[in-house]
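Residue-level listing of the chains:
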Amino acid sequence: MPIQYYIALASALFCIGVVGVLTRRNAIIVFMCIELMLNAVNLLLVAFSKMHYAKAAAAGAVTTAGTEGQLFVFFIMVVAAAEVSVGLAIIVMMYRNVHSVDVNFLNRLKN
Amino acid sequence: MDSLQLQALLPFIVLASASVVIILLIAARQSHTVIQITGFLMMCLVVLAMWYVRDVLPRAIMPLLVVDGMAAVFTGLIVFCVLIIGLFSFIYFEEREENPKEYYILIFLGTLGAAVLTISRHFISVFIGLELLSISLYALIAYLRNRNNAVEAGMKYLVLAAMSSAFLLFGMALIYMDTGSMDFDGIAKQLQTQGHSPALFVTGIGLMMVAVCFKLALVPFHLWAADVYQGAPVPVTNFIATVSKIGVFAVLVRFAQAVQLQSYHFAVIIISFVAIVSMVGGNLLAIKQQNIKRLLAYSSIAHLGYLLVAFLPGNAAGIEAGMFYLFAYSITLLAAFGIVTMLSGRQADADQLEAYRGLYWRNPLMGAILTVALLSLAGIPLTAGFIGKFAVLNAGVQQQLWLPVIVLVITSVIGLYYYLRIISTLFAETQVIFPKEKSLHPLFVAGTYGALLVLLILLLGAGIFPSAVIDGIKNFLCQGFRIINF
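Everything numeric here is computed off the predicted structure, so don't read it as measured data.

J.: Looking at this structure, how should I read the overall build of chain B?
T.: When its secondary structure is counted, chain B shows 20 helices and 2 strands. In terms of overall dimensions, chain B is globule-like: its C-alpha atoms have a radius of gyration of 21 Å, near the 23 Å expected for 486 residues. Along the first, second and third principal axes, the C-alpha atoms of chain B reach 70 × 55 × 40 Å. The buried share of chain B, reckoned over its 486 residues, is 64%. Across chain B, contacts joining residues at least 24 apart in sequence account for 81% of those joining residues at least 6 apart. Here chain B has roughly 17200 Å² of accessible surface; of this, 69% comes from carbon and sulfur atoms. For chain B, the separation between the mean place of its 25 positive charges and that of its 21 negative charges on side chains is 3 Å.

Put into structure tokens, the structure is as follows:
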């Protein structure tokens, strides 16, 4: 499959994520949208890693080209998990304070 | 990895072990005082380790890290800031009911993240450092969870920071596609060849700049700054304003140096635009503020705009000016937020300007330190801030960056207005009786006053004898520039 398809799919997922973060009011759904953005990047990285490998392999010789992309995906997954665990803890605290996970309630800080 | 590389990493290993030591102390049910003192000693140990390994620098730990002179300057500044913030934290958290012990784990983890940023030369280490810093910050901002505003600030920072990380990653992925490499030198080498497509590279850099501007709180990605500064506990605000900005700026400088970012016309235009709107926006938004934490947030937006003017030339003079500016800015903010910490009571932070009315007559030392800090922020001669601004202007004028330089000068005058407004409040007459603060362990009160005095001396010292600091930075940077040839 040409690489453009992967880029189009990942960009679409990323844009859906951005729109979701900007428009949704439920904190949990905002979180899901952030996960969507991170996973769009994961897809992109895996596709590029495969592409670089194929390019290097076509030029001959055994190669390690493209391993960095796949390694990066693991790091992103680990960090996303850590981020969500801290984030959910903050959402729980928010729920205790205002009995809602609606981000519209976050409007107390002003001059 | 050979032993010399391990040696070069020693300060960072000590820094990482600091949080583990604190976890063990908490498990052994030690008191807040013991944890505080241990944390202080661990930070001193990091400084000692840095001094001990100075001869093995510069050294690259392929492919992720490089420890060189520039990293040493930035890490030293970060560790110094954390030492001072740690001291202020004791007084601040001892007064509150919440259990303050885990706070120190998070602070040291955040410090480690910022320190990793200063030594990274690969996208993976940049990302890990940045996330280590941000995830600690999410928890730190919302640390005093019974105050509703802290959770609100934490939530805002969390959503926006996570989103900006996603932008950073998307930009990194595009650059990876373009160049097939993730380490800075590899990218730079690939950019020399003709095989890459400029469109992808420009898009990637643009997306990465979004994340960097967010972390540095530059206009137009500054909206979180005031709310987070206001909602976070004062020592954490201090941490965000100094340590996280130093770390992100360090990685920006290293990346720009590797790929010669300033030789691309589009990058110069974007950075100039961001710098100009930050200087104008930050200063204008600060004018009418009555809340000192929000005011310092807006002023930090403007100051990071000034810093970008030093970043624009992309030569050695610009980097030196930027480093000196960061040094001056950090010690100034440490002193200013230190006073806010000292005045904060059990119930609320001393963030309203009213709380500072007549401070000079109540407590001359604190009033004097805050006055000097504000004068330094405004860039009045004989303070570190003036020399910093002078160095930045000098670097800008040498490269004939007339527009940013003129905006810098004009906005500094606007800035002077609101800093002087606070200073006039400090000296105003007052009839209000302020409640006496709770008495703390005298050792810590003495320590905090000592730290404030050290900051005062540094502020004035760097303002009157700047050559010592500038020569020090130059020496370290010479070490750093040697690394390009190996």
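Now, onward.
J.: How should I be thinking about the packing of helix 14 (residues 316-343) of chain B against helix 16 (residues 364-378) of chain B in this particular structure?
T.: Angle between the axes and distance between the axes are the two parameters that describe a pair of packed helices. Residue and element names in this part refer to chain B. Running from amino to carboxyl end, helix 14 crosses helix 16 at an angle of 145°, the nearest separation of the two axes being 9 Å. In terms of crossing hand, the pair formed by helix 14 and helix 16 is left-handed. Seen from helix 14, the contacting residues are Thr332, Leu333, Ala335, Ala336, Ile339, Met342 and Leu343; seen from helix 16, they are Met366, Ile369, Leu370, Ala373, Ser376 and Leu377. When grouped by side-chain class, the residues that make up the contact of helix 14 with helix 16 number 11 nonpolar, 2 polar and no charged.

J.: What should I look at first to understand the interface of chain B and chain A in this one?
T.: Between chain B and chain A, the residue contacts involve 42 residues of the former and 45 residues of the latter. Here chain B and chain A share an interface that buries about 3800 Å² over both sides, 78% of which is from carbon and sulfur atoms. Its largest share of buried area at the contact with chain A, chain B owes to B:Phe170, B:Tyr176 and B:Met177, together 17% of the area lost on that side. For the interface between chain B and chain A, the tally reads 9 residue pairs in polar contact (both at pLDDT 80 or more). Every element with two or more residues in the side of chain B that touches chain A is listed here: helix 6 (123-141), helix 7 (148-179) and helix 10 (223-231) of chain B. Here the side of chain B that touches chain A takes 22 residues from helix 7 of chain B, the largest share from any one element. Counted by class, the side of chain B that touches chain A contains 25 nonpolar, 10 polar and 7 charged residues.

J.: How should unusual backbone geometry be read in this particular structure?
T.: Trans peptide bonds make up the majority, and among non-glycine residues the majority have a negative phi. Residues and elements named next belong to chain B. Across the junction of methionine 62 and proline 63, the peptide omega takes the value -5°, indicating a cis bond. Summarising the element assignment, proline 63 is placed in the loop between strand 1 (59-61) and strand 2 (65-67). Cis geometry is found at the peptide bond from valine 219 to proline 220, where omega equals 5°. Positionally, proline 220 belongs in the loop between helix 9 (198-215) and helix 10. The phi dihedral of alanine 217 falls on the positive side, at around 55°, and the residue is not glycine. For alanine 217, the location among the structural elements is in the loop between helix 9 and helix 10. You can call alanine 217 buried: its relative accessible area is 0%.

J.: Would you explain the side chain of B:Thr411 in this entry?
T.: Looking at where B:Thr411 falls in the secondary structure, it is placed in helix 18 (residues 402-426). When near neighbours in sequence (up to four residues on either side) are disregarded, B:Thr411 contacts B:Met279, B:Val280, B:Asn283 and B:Tyr306.

J.: What exactly am I supposed to notice about the packing of aromatic side chains here?
T.: Where two aromatic rings form a pair, the distance of their centres and the angle of their planes describe that pair. Residues and elements named next belong to chain B. The tally for this structure, following the rule as stated, stands at 26 aromatic pairs over all chains. Between the aromatic rings of tyrosine 92 and phenylalanine 93, the centroid separation amounts to 5.3 Å while the plane-to-plane angle is 75°, which identifies the pairing as edge-to-face. Centroid distance tyrosine 360 to phenylalanine 427: 4.6 Å. Interplanar angle 35°. Geometry classified as tilted. Taken together, the positions of tyrosine 360 in helix 15 (residues 359-362) and phenylalanine 427 in the loop between helix 18 and helix 19 (442-464) put the pair 67 residues apart, joining distant regions of the chain. According to the relative accessible area criterion, tyrosine 360 is partly exposed, its value standing at 27%. Here phenylalanine 427 falls in the partly exposed class, since its relative accessible area comes to 33%. A cation over a ring is seen here: arginine 54 above tryptophan 51, with NZ or CZ 4.3 Å from the ring centre.

J.: How should the pattern of salt bridges be read in this particular structure?
T.: If charged atoms from side chains of opposite charge come close, those side chains can pair. Residues and elements named next belong to chain B. Scanning all chains against the criterion turns up 9 salt bridges over all chains. Glutamate 152 is the salt-bridge partner of lysine 156, the closest N and O atoms lying 2.9 Å from each other. Placement of the pair is lysine 156 and glutamate 152 together in helix 7, with a separation of 4 residues, close to one helical turn. A relative accessible area of 1% means that glutamate 152 is categorised as buried. The partner of lysine 156 in a salt bridge is aspartate 227, and the shortest N-O contact between them spans 2.8 Å.

J.: What is the right way to read the environment of B:Gln194 from this model?
T.: As for its placement among the helices and strands, B:Gln194 is situated in the loop between helix 8 (184-192) and helix 9. It is 49 Å that separates the C-alpha atoms of B:Gln194 and B:Ile380, two residues lying 186 residues apart in sequence.

J.: Is there a simple way to think about empty space enclosed by the protein in this case?
T.: Empty pockets left among the atoms are what a rolling probe the size of a water molecule brings to light. Residue and element names in this part refer to chain B. Per the counting criterion, the structure on display carries 4 cavities of 30 Å³ or more. Size it by volume and the largest cavity reaches roughly 190 Å³. As for the largest cavity, its lining consists of 18 residues, and the residues nearest its centre are Leu168, Met208, Val212, Val251 and Leu252. When contributions to the lining of the largest cavity are tallied by element, the ones reaching two or more residues are helix 6, helix 7, helix 9 and helix 11 (234-259). By residue number, the principal contributor to the lining of the largest cavity is helix 9, which donates 6 residues. Looking at the lining of the largest cavity residue by residue, the class counts come to 17 nonpolar, no polar and 1 charged.

J.: Would you mind showing me how to read the environment of B:Asn99 here?
T.: Among the secondary structure elements, B:Asn99 is positioned in the loop between helix 4 (69-94) and helix 5 (101-119). C-alpha of B:Asn99 to C-alpha of B:Met172: the two residues are 73 residues apart in sequence and 39 Å apart in space.

J.: Mind showing me how you'd approach the packing of helix 5 of chain B against helix 6 of chain B here?
T.: All names here are of chain B. It is at 7 Å that the axes of helix 5 and helix 6 come closest, and there the two elements cross at 155°. Taken together, the axis directions place helix 5 and helix 6 in an arrangement best described as roughly antiparallel. The two elements helix 5 and helix 6 cross, and the hand of that crossing is left-handed. Contacts between helix 5 and helix 6 involve Tyr103, Leu106, Ile107, Leu109, Gly110, Leu112, Gly113, Ala114, Val116 and Leu117 on the former and, on the latter, Ser125, Val126, Gly129, Leu130, Leu132, Leu133, Ser136, Ala139 and Leu140. Of the residues that constitute the contact of helix 5 with helix 6, the class distribution is 14 nonpolar, 5 polar and no charged.

Basis of the calculations
- Residues numbered from 1 in each chain as written.
- Chains lettered and ligands numbered in written order.
- Predicted model: local features only at pLDDT ≥ 70, side-chain atom pairs only at ≥ 80, totals over all residues.
- Heavy atoms only, no water.
- Helix = DSSP H or I, 4+ residues; strand = E, 2+ residues; numbered from the N terminus.
- Rg over C-alpha atoms; globule rule 2.2 N^0.38 Å.
- Buried < 20%, exposed > 50% of the residue type's maximum accessible area, 1.4 Å probe, protein only.
- Contact = heavy atoms within 4.5 Å.
- Areas by Shrake-Rupley, 256 points an atom, 1.4 Å probe, with all protein chains shown as cover.
- Lys, Arg positive; Asp, Glu negative; His and termini not counted.
- Charge placed at Lys NZ, Arg CZ, Asp CG, Glu CD.
- Axes fitted to C-alpha atoms, helices over the stretch in contact; angles between N-to-C directions.
- Left-handed = near helix turned anticlockwise from the far one by under 90°.
- Nonpolar A, V, L, I, M, F, W, Y, C, P; charged D, E, K, R; others polar.
- Buried area = accessible area lost by both parts, 1.4 Å probe.
- Polar contact = N/O pair within 3.5 Å; in protein donor to acceptor, adjacent residues only side chain to side chain.
- Phe/Tyr/Trp six-rings, centres within 6.5 Å; stacked < 30°, edge-to-face > 60°.
- Lys NZ or Arg CZ within 6 Å of the ring centre and 35° of its normal.
- Salt bridge = Lys/Arg side-chain N within 4 Å of Asp/Glu carboxyl O.
- 1 Å grid on protein atoms, 1.4 Å probe; cavity = no way out; pocket = protein on both sides within 12 Å on 5 of 7 lines; lining within 4 Å.
- Points joined across faces, edges and corners; volume = space filled by probe spheres on them.
- Parallel < 35°, antiparallel > 145°, perpendicular 65-115°, else oblique.

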